[in-house]
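Observations on the three-dimensional arrangement
Take a look at the letters that make up each chain.
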Amino acid sequence: MTVFHKQVEIRWADIDANQHLRHSAYADLCAHSRIEWLQAAGFGPQQFQALAFGPVLFRESTEYRREIHLGERIDIRLSLAAASPDNGRWTFRHELYKPDGQLAAIHEVTGAWMSLAARKLIPPPAALQPLLAELSHSADFALLPQPVYK
């Protein structure tokens, strides 16, 4: 299993009035890292369109540890913190590290896959399974119950 890394530079638009990374920028940067992971593995927006499905988020949370400032290059490490046996339900964990290696934040999203035509939850398409299987699990990875699709 591999840990996906994405390095990002904090831009002026990412900063709030307190001169540190604004709270909603954490979600934006982490969403960007998930898309970069999929694209790097050959599963880009075209595949989502062709298969008419996408992710749906149920919960999103951030634990702030250290301030992140303008111009810093942050390393975002993506792992799977929880998943059902078929990877239909999941929690992705993003750990954001400062240039000196300090953990600055932990951002998690919990969700599932949804058919865009039926507007119902579905298991991930077969083409996505190897990518999910290859992504590193967090040290505290939890197995979620197998969903029942209707």
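Look a little higher up for the structure.
The structure reproduced in this document is the subject of the present report. Treat the numbers as computed from the prediction; the structure is a model and nothing was measured.

Remarks on the pairing of strand β4 (residues 89–97)
Burial of β4 is extensive: seven of the nine residues sit out of reach of the surface. Judged from the eight bridges that link them, strand β3 (residues 73–83) and β4 form a sheet pairing that is antiparallel. Paired with S79 across the strands is R93, a residue of β4. Between β3 and β4, which pair antiparallel one after the other, the connecting turn spans five residues, and N87 there sits at a positive phi close to 65 degrees. Inspection of the sheet shows β4 paired to strand β5 (residues 103–115) by nine bridges, in the antiparallel sense. Residue pairing in the sheet places R93 in a bridge with E108 of β5. The loop that links β4 with its antiparallel partner β5 comprises five residues; one of these, G101, has a positive phi angle of about 90 degrees.

Looking at the nonpolar core
Within the largest apolar cluster, 17 residues are counted, with the highest numbers of intra-cluster contacts made by W37, L38, F43, F92, W113, L128 and L135. Residue contacts for W37: discarding those within four places in its chain leaves F4, L78, F92, L131, L132 and L135. Counting residues in each nonpolar core, the second largest holds 14 residues, with I15, Y26, L29 and I76 among its members.

What about the side chain of T91?
Secondary-structure assignment places T91 in strand β4. Classification of T91 by relative accessible area gives buried; the value is 7%. Here the side chain of T91 touches T110 through a polar contact of 2.8 Å, side chain to side chain. The residues contacting T91, other than those within four sequence positions of it, are R59, S79, L80, A81, A82, E108, V109 and T110.

Reading the values: the criteria
- Residues numbered from 1 in each chain as written.
- Predicted model: local features only at pLDDT ≥ 70, side-chain atom pairs only at ≥ 80, totals over all residues.
- Heavy atoms only, no water.
- Buried < 20%, exposed > 50% of the residue type's maximum accessible area, 1.4 Å probe, protein only.
- Helix = DSSP H or I, 4+ residues; strand = E, 2+ residues; numbered from the N terminus.
- Pairing = 2+ DSSP bridges.
- Core = buried A, V, L, I, M, F, W, Y, C linked by side-chain atoms within 4.5 Å.
- Contact = heavy atoms within 4.5 Å.
- Polar contact = N/O pair within 3.5 Å; in protein donor to acceptor, adjacent residues only side chain to side chain.

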